[in-house]
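If you want the building blocks of each chain, they are given just below.
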Amino acid sequence: MKKILALASAGVLAMSLAACGGDDDDSGGAAGGVGEPWTLGTTDVVTALDPAAAYDLGSSTLHYAIYQTLLTIPAGENTPQGDAAESCEYKDPKTFVCTLRDGLKFSNGDELTSSDVKYSFDRNLKIADPNGASTLLASLKDIETPDDKTVQFNLSRPDTTFQFVLTHSSTSIVDEDVFPADEITADADVIGSGPYVMDDYEAGQQASLKKSETYQGANEGKSPLIFVKYYPESSNLKLAVQNDEVQVAWRSLSPTDITDLEGNDSVDVLKGEGSEIRYWTWQLGTPVGKDKAIRQAAAQLIDRDAISERAYEGTVDPLYSPVPPGFPGQVDSFKAKYGEPSVDKAKAILSKAGVKTPVDITLGYTPSHYGPNAVDEATELKSQLNDSGLFNATTKSAEWEQYQNLYKENAYDLFILGWFPDFLDADNYLSPFFVDGGFYANNYTNPEVNKLVASSQATDDSAAREKDFGKIQDIVAEDVPTIPSWVGKNTAVTQPGIEGVQETLDPAFIFRFWMVSYNG
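Quick notes on the rules
Residues numbered from 1 in each chain as written. Predicted model: local features only at pLDDT ≥ 70, side-chain atom pairs only at ≥ 80, totals over all residues. Heavy atoms only, no water. Disulfide = S-S within 2.5 Å. Helix = DSSP H or I, 4+ residues; strand = E, 2+ residues; numbered from the N terminus. Buried < 20%, exposed > 50% of the residue type's maximum accessible area, 1.4 Å probe, protein only. Axes fitted to C-alpha atoms, helices over the stretch in contact; angles between N-to-C directions. Parallel < 35°, antiparallel > 145°, perpendicular 65-115°, else oblique. Left-handed = near helix turned anticlockwise from the far one by under 90°. Contact = heavy atoms within 4.5 Å. Nonpolar A, V, L, I, M, F, W, Y, C, P; charged D, E, K, R; others polar. Phe/Tyr/Trp six-rings, centres within 6.5 Å; stacked < 30°, edge-to-face > 60°. Salt bridge = Lys/Arg side-chain N within 4 Å of Asp/Glu carboxyl O. Polar contact = N/O pair within 3.5 Å; in protein donor to acceptor, adjacent residues only side chain to side chain.

So, the state of the cysteines
If you walk through the whole model with that rule in mind, you get one disulfide. Here Cys-88 connects covalently by a disulfide to Cys-98, the sulfurs 2.2 Å from one another. Across the disulfide from Cys-88 to Cys-98, rotation about the S-S bond amounts to roughly 110°, and the bridge is consequently right-handed. Here the residue Cys-88 occupies a position in strand β6 (residues 85-92), and Cys-98 occupies one in strand β7 (residues 95-100), the gap between them amounting to 10 residues. In terms of burial, Cys-88 and Cys-98 fall into one category: buried.

Re the packing of helix α9 (residues 304-312) against helix α12 (residues 373-387)
At their nearest, the axes of α9 and α12 sit 9 Å apart, and the two run at 135° to each other. Taken together, the axis directions place α9 and α12 in an arrangement best described as oblique. In this structure, α9 meets α12 at a crossing whose hand is right-handed. Packed against α9, whose contacting residues are Ala-306, Ile-307, Arg-310, Ala-311 and Tyr-312, the element α12 presents Asn-373, Ala-374, Asp-376, Glu-377, Glu-380 and Gln-384 at the interface. When the residues that make up the contact of α9 with α12 are grouped by side-chain class, the tally is five nonpolar, two polar and four charged.

Re the packing of aromatic side chains
The tally for this structure, following the rule as stated, stands at 27 aromatic pairs. Look at Tyr-279 and Phe-433: their rings are 5.3 Å apart centre to centre, the planes differ by 75°, and that puts the pair in the edge-to-face class. Placement of the pair is Tyr-279 in strand β14 (residues 268-282) and Phe-433 in helix α14 (residues 431-434), with a sequence separation of 154 residues. Of the residues examined, Tyr-279 reaches a relative accessible area of 3% and is grouped as buried.

A few points about the pattern of salt bridges
This structure, assessed with the given rule, holds 19 salt bridges. Between Asp-260 and Lys-238 there is a salt bridge, and its shortest N-O distance comes to 2.5 Å. Of the two residues, Asp-260 sits in helix α6 (residues 255-261) while Lys-238 sits in helix α5 (residues 234-242), which places them 22 residues apart along the sequence. The partly exposed category is assigned to Asp-260, whose relative accessible area is 40%.

A few points about α9
Every buried residue of α9 is accounted for by Arg-304, Ala-306, Ile-307, Ser-308, Ala-311 and Tyr-312. Measuring from the side-chain oxygen of the N-cap residue of α9 to the backbone nitrogen of Asp-305 gives 3.2 Å; that N-cap residue is Asp-303. Glu-313 sits one or two positions beyond α9 and adopts a positive phi of about 50°.

Structure (structure tokens):
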């Protein structure tokens, strides 16, 4: 039976209904599980097991298994539901209150109370690790805990997206008696209250997850034991799943590998709706990036279909907005403004602005974070720009850690980045990117965009939010601080006997270990 939160008063936001609810079956997380142990193979990299010290998919994948968040996103949905929380509601647009389930415990036997929740959030903000995601808590003013089960989040401004933030792994709840308040906990020492316990972990090599005996929540695990093996290259991962070394291969097989495996009868290639995007970002701190006409001309020339086919063998779809299709409020603004690629139209844009051609332009990319096909995409875009006769494009690359500094230091006029959503709302593809230079510090700012983002975050009126989202996307297509490139699918390859993988392949990009079982 689902527990549905009743509206406390007419003043309570309607969105609270969507935010809450939890499984009333508190029979407890029984140990044991069903089926046989199985192994997931991946090329993802784990930064840290401490949720305050990581903001990457590889780390989050393990965090979701070993910790609890207050709210969780069920497979195939985008409405938060209770995990550690029995219920949550907006008392007003600046006050969000959650009530914890009964009997919550960490895997070491310590009780999980509201004090641990407050401690986890305060700790995350205090540490503010550069590799962490404390910035997601920008609207959090303070937390009150009037009793052991109640947590009241007081926000500094109206923020209807805060409920989604509580589903992100960076808001995982940690044991205040185990995790230091002002420093990161070593991988070997972490414990959580999630559906699985980290039984053994060797960075870059393997992890073993044992079903928790104490878990209380919505995501009780099926399998008794799960292994995760890490591979340096997609080619290694492909061989591993072909040879039954792993039963599931998830992230990241190259387009060539996926195409090849689709012809292999001994494995299944499963694909779900994706929300991973790639986009090109202008650095407005350079003379080239600062010129709006140059930015628009490049947006007029880019051939996304050719990039998909030549760089990714057709395994990704062209993207014509910062927001992927399927999100409420999404509009293909770039397609509406620029239509089909056109040299004549690009030439007219530059001529009208008095820009001399060819324009020297530096494209930046990194081969070490987005896979080997990033160089193919950069090469393809360079060819498209140069073939127009309007640009003289060159490419430069750097390893990921150096790349993140270089693009902020104006080393490139136009550089490629990727994004997985923190939560499934169009706001997560807009506010981190276009408010005062965005997280990539590209020097773009537009007061109207800032105003629209604040307006959309302050209301729970779906129609009003979608209208604001549409206006933001149209402004972005006009100003071109970024150029959307493609959106990818969520793909896994499985051995026979694996069940539950297809269901977790949704736009949230959460690999829900607890849903998967194996009978080989």
